[in-house]
Amino acid sequence: MDADDDTCAPITDEIRANGGGEQRTRRPIISGDQLDIEAYASLYSGRTKIMRLLFIADHCSDEKIGNPSMKLDALRMAYDEIKKGENTQLMREVAQKINGRLGPSYELDSAWCDTVDRRAEQKKEKLENELNAYRTNLIKESIRMGYNDFGDFYYAHGQLGDAFKSYVRTRDYCTTSKHIVHMCMSVILVSIEMGQFTHVTSYVNKAEQAPDALDPITAAKLRCAAGLANLEAKKYKLAARKFLETNPELGSHFSEVIAPQDVATYGGLCALATFDRTELKSKVIDNLNFRNFLELVPEVRELINDFYSSHYASCLQYLGNLKANLLLDIHLHDHVETLYDQIRHKALIQYTLPFVSVDLNMMANAFKTTVAELQKELEALITDNQIQARIDSHNKILYARHADQRNATFQRVLETGREFDRDVRSMLLRSNLVKHDYNVRHLRKL
Amino acid sequence: MDPLEALVAQIQGLSSTPGDIARLHVILKQADDSLRSESTRLSSVLAQLAPSEHSLGFLYVLDAFTSGQISKQQAETTVPIITGFINACNAEQIRLAPEKFVLVCKRLKDQVMMLEAPIRSVGPLFTAARKLQLSTEHLTPLHSDFLLLCLLAKCYKTGLSILEDGIFEVDQPRDLFLYCYYGGMICIGLKRFQKALDLLHNVVTAPMSSLNAIAVEAYKKYILVSLIHHGQWQISTSLPKYASSVAQRSLKNFCQHYIELANSYGTEKIAELEAYVQTNTEKFENDNNLGLVKQVVLSMYKRNIQRLTQTYLTLSLQDIANTVQLNSPKEAEMHVLQMIQDGEIYATINQRDGMVRFLEDPEQYKTCEMIEHIDSSIQRIMALSRKLSAMDEQISCDQLYLSKVGRERQRYDFDDFDVPTKFNI
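Residues numbered from 1 in each chain as written. Chains lettered and ligands numbered in written order. Predicted model: local features only at pLDDT ≥ 70, side-chain atom pairs only at ≥ 80, totals over all residues. Heavy atoms only, no water.

A closer look at the pattern of salt bridges
This is how it is decided: Any Lys or Arg side-chain nitrogen found within 4 Å of a carboxyl oxygen on Asp or Glu counts as a salt bridge. Each helix is a run of DSSP H or I of at least 4 residues and each strand a run of E of at least 2, with the numbering of both proceeding from the N terminus. Three exposure classes are used, based on accessible area relative to the maximum for each residue type with a 1.4 Å probe and protein chains only: buried under 20%, partly exposed in between, and exposed over 50%.
Enumeration according to the criterion identifies 33 salt bridges over all chains in this entry. With a shortest N-O distance of 3.3 Å, Glu-208 of chain A and Arg-223 of chain A are connected by a salt bridge. Pair noted here: Glu-208 of chain A is in helix H10 (residues 197-208) and Arg-223 of chain A is in helix H11 (residues 216-232), with a separation of 15 residues, a long-range link. On the basis of relative accessibility, which here comes to 33%, the residue Glu-208 of chain A falls in the partly exposed class. As a salt-bridge pair, Arg-192 of chain B and Glu-164 of chain B come within 3.5 Å of each other at their nearest N and O atoms. Within this pair, whereas Arg-192 of chain B is found in the loop between helix H11 (173-189) and helix H12 (193-205), its partner Glu-164 of chain B is found in the loop between helix H10 (156-163) and strand S2 (169-170), the two being separated by 28 residues in sequence. The partly exposed category is assigned to Arg-192 of chain B, whose relative accessible area is 35%. Judged by relative accessible area, which is 43%, Glu-164 of chain B ranks as partly exposed.

Okay, here's the thing in structure tokens:
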């Protein structure tokens, strides 16, 4: 008896602790720090940097973690970034948002706006003249360059619709596959900024069908874009697959859209929410390419490993810590809740799967909730047929229940027989009525 | 000789062989008017004839006798005569004059209703229906009258026995509608909801060229019984494609309240359902459906409790009361007890702990009775499918069908048949 106790005790302790106890875990749990805006912003460049900063500024007041200083920091950095560019529309927006809170140097600089606008007018005229000249000369390459320049110009000034149109017009003048790819990339960039992800998907397909092989960086960029489009369309499984196929050579080459940390986060979370265990192991944990990305966000790596090794409490704790920062992400904002729910449900289902009976008290401990809450969640999952089990509410135990195939088959057979009986009888009756009716009508006609 | 007396003599004389009876029939048809004019003397005539041998003659005389207006006192005397006749008459003879027989029975029904004793004619009409039927699958106009009297007299079981026969042949669609409607009501009274549903389904999906009131009433009951039995009703899946287009389009317009009731049932909130019933009590009462509606509300509690059996192994009465939105554990216990007694769930109540333990269906499908049941079902269904193929063959040989189909058939290719075009239909 004693010998058994000795060997059993560590195992049962392990099950009970479930990665919850501080002294048991081998890896420290890092709390998600409050977002370091400077570090975050340095990952991006171009217009997306401004948009992300503005998004953070808008949303961080909603969060409990957010504080006014974070908001003002974001706005200040946005202002600085816009000043480097030529987008007067955004400048006006930011200035209005700052509302003078950051001092005189951060007010609406009308002089700067006017200068930029005037310069824009001049440049536009110049570009138009050039383009007309090229068009009369009918030199394909120059016309393409002209439209491209137009597209770049509009993009810099925030007129995204016109930029999109200009880029699309270059399509007729593309001669090599390199041109096509360049055109696709520009269109993809503008579409992402506009939020029209259907275009993104179609142009990604177009680019991938280009006759020449793509260099790895472009291929990686296209994968990321496709992943983003799927994410927006709530197709989390496809998004996960796309992100996982991204080549680590991406690095910071796609910083106008996405940072490698984002690839890791989006890919990891979507995979966790939608993949089953085998896929999770083969495509995420054993994926050498993706490991490079995961190194950049150790929390996500830890949480995936915890989930796989059934340390649900720590996994959910990581998720909770990351939540605040994820809600400030421009692409993930709308999907955080859904993904979190899906991950939690998967954790619950996975926990109950190997057991014939589960003590609800232990399970509540493992998931750090109360037994009543847990019972409600389990009830919802059972009604939804995701867990095959029944709850013994008196003793607080969950019993696995496997449908008796034999009885079910008998029941179905008898039911089918009865239905056939009923249907054929009423059908015969109806056909008799129709025949009678038809006869009567026929006789009347005669 | 007095024409009446001559007629009586002929009846008595020509009632033995089928050939004689045919002649008698002709004579009686001719004498029909004269019989009606002499209605006062007919009671003595009736005394001279024996209903079992001279059934046809008796029938004609009886018809003439009862054709006028009959007062309550007279009804007292005529009812026994008619019931005596029905019990004693010869089935083949009366089948020669079915309309007269039906007419006589209908008058019986009217008289009995006038006397307010419908039960007096339940037995006789049952015999009458059986005698008039050509086979057990044949529907006569008497069936619907019989069922109506059963409903009024509350003799549901007798009504049920006639409903057990499957009906396949129908003379008049209107008979079928009434038969199925009353039959449905009898089954509801006996709580055989599946059978009621089948009968009402027949009414609602029967071919009809224009909407009739029977179908509308039947549809209302159909919705309610469907809620009680199946626990769901969706307007989109309500009427199958083979229902007549008239029905599909217009039935819903007349049953708006019931459809709203069904929608509120679908939301699974008992409070809403009860509120809706409260506000519309009058309308339901006008349709005489209030009792059914109350059963619908009750069935919602049952359904919620049944859902709990899928999720829980044991549950406290307090929790049941909370989940199913009942007022107290005592009420929950009453409901669960009732359901266990009705065989709708399998459970045991532990009063000491206030717990209910839900059990699996103990049926193991291993007993001899179950094997016999399955075997007989198989036989029944095989017979039914034989009938179906027989009917299919019969229709494909039917002259009317062939002429209609032939006209619309595609012209054959020249390669199919080497037939000159002038011989095609």
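Some thoughts on the UniProt feature "coiled-coil region" (unreviewed entry) in chain A
This is how it is decided: UniProt positions are given in the numbering used here, feature names are shortened, and annotations may be inferred rather than shown by experiment.
The residues that UniProt annotates with the feature "coiled-coil region" (unreviewed entry) are residues 113-144 of chain A. Across residues 113-144 of chain A, the secondary structure splits into 94% helix and 0% strand, with the terminal C-alpha atoms separated by 30 Å.

Regarding the confidence of the model for chain B
Residues and elements named next belong to chain B. Keep this limit in mind: As a per-residue quantity, pLDDT reports the predictor's confidence and falls between 0 and 100.
Within chain B, residue pLDDT values average 81, and 94% of them lie at 70 or more. Within chain B, the element-level pLDDT minimum falls on helix H3 (residues 42-48), averaging 74, and the maximum on helix H21 (residues 368-396), averaging 90. Here the prediction assigns the complex a pTM of 0.69, and the interface score ipTM is 0.80.

Notes on the interface of chain A and chain B
We apply this condition: Pairs of residues are marked as contacts when any of their non-hydrogen atoms sit within 4.5 Å. Put simply, buried area is the surface a 1.4 Å probe can reach on two separate parts but cannot reach once they are joined, added for both. Pairing of N or O atoms within 3.5 Å defines a polar contact, subject to two protein rules: one partner must be a possible hydrogen donor and the other a possible acceptor, and residues neighboring in sequence count only if both atoms are side-chain atoms. Any residue outside Ala, Val, Leu, Ile, Met, Phe, Trp, Tyr, Cys, Pro, Asp, Glu, Lys and Arg is labelled polar, Gly included; the first ten of those are nonpolar and the last four are charged. Pairing between two strands is assigned when DSSP locates at least 2 bridges connecting them.
Counting residues at the interface gives 37 residues for chain A and 49 residues for chain B. Carbon and sulfur atoms supply 61% of the area that chain A and chain B bury against each other, a total of about 4100 Å² over both sides. Counting every contact that joins chain A to chain B gives four salt bridges. The partner of Arg-401 of chain A in a salt bridge is Glu-360 of chain B, and the shortest N-O contact between them spans 3.5 Å. At the surface where chain A touches chain B, the tally comes to 18 residue pairs in polar contact (both at pLDDT 80 or more). With 25 residues, the top contributor of residues to the side of chain A that touches chain B is helix H21 (residues 405-445) of chain A. Of the residues contributing to the side of chain A that touches chain B, the split by class is 14 nonpolar, 13 polar and ten charged. Both strand S2 (residues 389-392) of chain A and strand S3 (residues 312-316) of chain B contribute to a ladder of two bridges, which runs parallel.

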